Amino acid sequence: MHPRRRHRENATAMRMVGRQLARFREAASLTQRELAAEFNLGEETVASIEQGRRPLKPDLAQRFDDRLDTKGALSVAVEHMPEVDLIPAWAEEYMDLEREALALSWYENQVLPGLLQTERYARAVFRTDVPALSEDEVDRLIAARLARQEVLRRAQPPTISFVVSEAVLIDRLGGDSVRHEALQHVRMCAEVPGFTIQVMPLGRESHAGLSGPFILLETPDHQHLAYAEGQRGSQLISSPDEVSILGRKYAMLRTQALNAEETRGLLDRLLGDR
């Protein structure tokens, strides 16, 4: 999956709230790092809010109001923010969160998750897009996708769980050579500490993920969010009720999928190693 940049009519609302927070913080003679430390947040979290790249959640707005003596200004601004800004729909917003996530849980039924793709596999993905992308745009998207994988090489990488449909592993996207290389890469990742890869086998009589792929994410300040993409757009989901529903779906998917050991065995068989 890849982002499609789209215009947001109310994007300025998030920036306005962010600038208000920055002004109140500066009036209190606090740096972003100092404010973040007081609330057990990452400095990047405060910076993202102030730059309008991340929504200010109501509970955090109230806590900032109390600390910065704003007379409730931030809470009121968040309460009356347009819906499009309360639940932003940009893939870029998700990627900001992905870079610093504590945990990721990813269900995919069409292609390998972006964090597991090789360069050649990613090229095959982008080259199948309709309408066709230019080679320059394909190269740019591949570079961005591979750059995202730096999250796996952090000093303290996130805990990551993947559930992937067996159909994805059988598909010949890009040809036999690309598929074999991709399977080898997935098999290698299956041995990495902190990674769990499970395959949802074909032929099941029940399936909790028929509504499509999604990602669950835990932020450094322990917010639980979800992200989903469709044919013509993406959605970052912050509603606790909606995130809970997807969390329950993912828990069920993990019970329906092969366990980690069975998955490694399947990958070995697909690679012809056993």
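Quick caveat, the model's predicted, so the values are computed rather than measured.

Peer 1: Before we go on, may I ask you to explain the packing of aromatic side chains in this structure?
Peer 2: Geometry of an aromatic ring pair is reported as the spacing of the ring centres plus the angle between the planes. Evaluation of the coordinates by the stated rule reveals six aromatic pairs. Look at Phe-39 and Phe-64: their rings are 4.9 Å apart centre to centre, the planes differ by 85°, and that puts the pair in the edge-to-face class. Highlighted residues: Phe-39 in the loop between helix H2 (32–38) and helix H3 (43–50) and Phe-64 in helix H4 (residues 58–68), separated in sequence by 25 residues. The same class applies to Phe-39 as to Phe-64, namely buried. An aromatic cluster of at least three residues, connected via ring pairs, comprises Trp-106, Phe-162 and Phe-195.

Peer 1: What exactly am I supposed to notice about the pattern of salt bridges here?
Peer 2: A full pass over the atoms with the stated rule returns 17 salt bridges. Glu-43 is paired through a salt bridge with Arg-33; the nearest N and O atoms lie 3.1 Å apart. Here Glu-43, found in helix H3, pairs with Arg-33, found in helix H2; they are ten residues apart in sequence, far enough to count as distant. Of the residues examined, Glu-43 reaches a relative accessible area of 34% and is grouped as partly exposed. For the salt bridge of Glu-150 with Arg-153, the shortest nitrogen-to-oxygen distance reads 3.0 Å. Salt bridges sharing common partners tie together Arg-123, Arg-127, Glu-135 and Asp-139.

Peer 1: Quick question: what am I supposed to make of unusual backbone geometry here?
Peer 2: With glycine set apart, most residues show a phi of negative sign, and most peptide bonds adopt trans. Cis geometry is found at the peptide bond from Val-130 to Pro-131, where omega equals 0°. Along the polypeptide, Pro-131 turns up in the loop between helix H8 (119–127) and helix H9 (135–148). Even without a glycine there, the phi angle at Ser-29 is positive, about 60°. Its place among the elements puts Ser-29 in the loop between helix H1 (11–27) and H2. For Ser-29, a relative accessible area of 63% corresponds to the exposed category.

Peer 1: Please clarify how the confidence of the model for the protein chain should be interpreted in this entry.
Peer 2: Segments scoring low in pLDDT should not have their predicted coordinates read at a detailed level. Summarising the model, the protein chain shows a mean pLDDT of 88, and 90% of its residues fall at 70 or more. Residue range residues 1–10 is modelled with pLDDT below 50. Its contacts to residues more than four positions away, or to other chains, number 29 contacts. Note that pLDDT drops below 50 for residues 83–89; the model gives that stretch 26 contacts with residues more than four away or on any other chain.

The rules behind these values
- Residues numbered from 1 in each chain as written.
- Predicted model: local features only at pLDDT ≥ 70, side-chain atom pairs only at ≥ 80, totals over all residues.
- Heavy atoms only, no water.
- Phe/Tyr/Trp six-rings, centres within 6.5 Å; stacked < 30°, edge-to-face > 60°.
- Helix = DSSP H or I, 4+ residues; strand = E, 2+ residues; numbered from the N terminus.
- Buried < 20%, exposed > 50% of the residue type's maximum accessible area, 1.4 Å probe, protein only.
- Salt bridge = Lys/Arg side-chain N within 4 Å of Asp/Glu carboxyl O.
- pLDDT = per-residue confidence, 0-100.
- Contact = heavy atoms within 4.5 Å.

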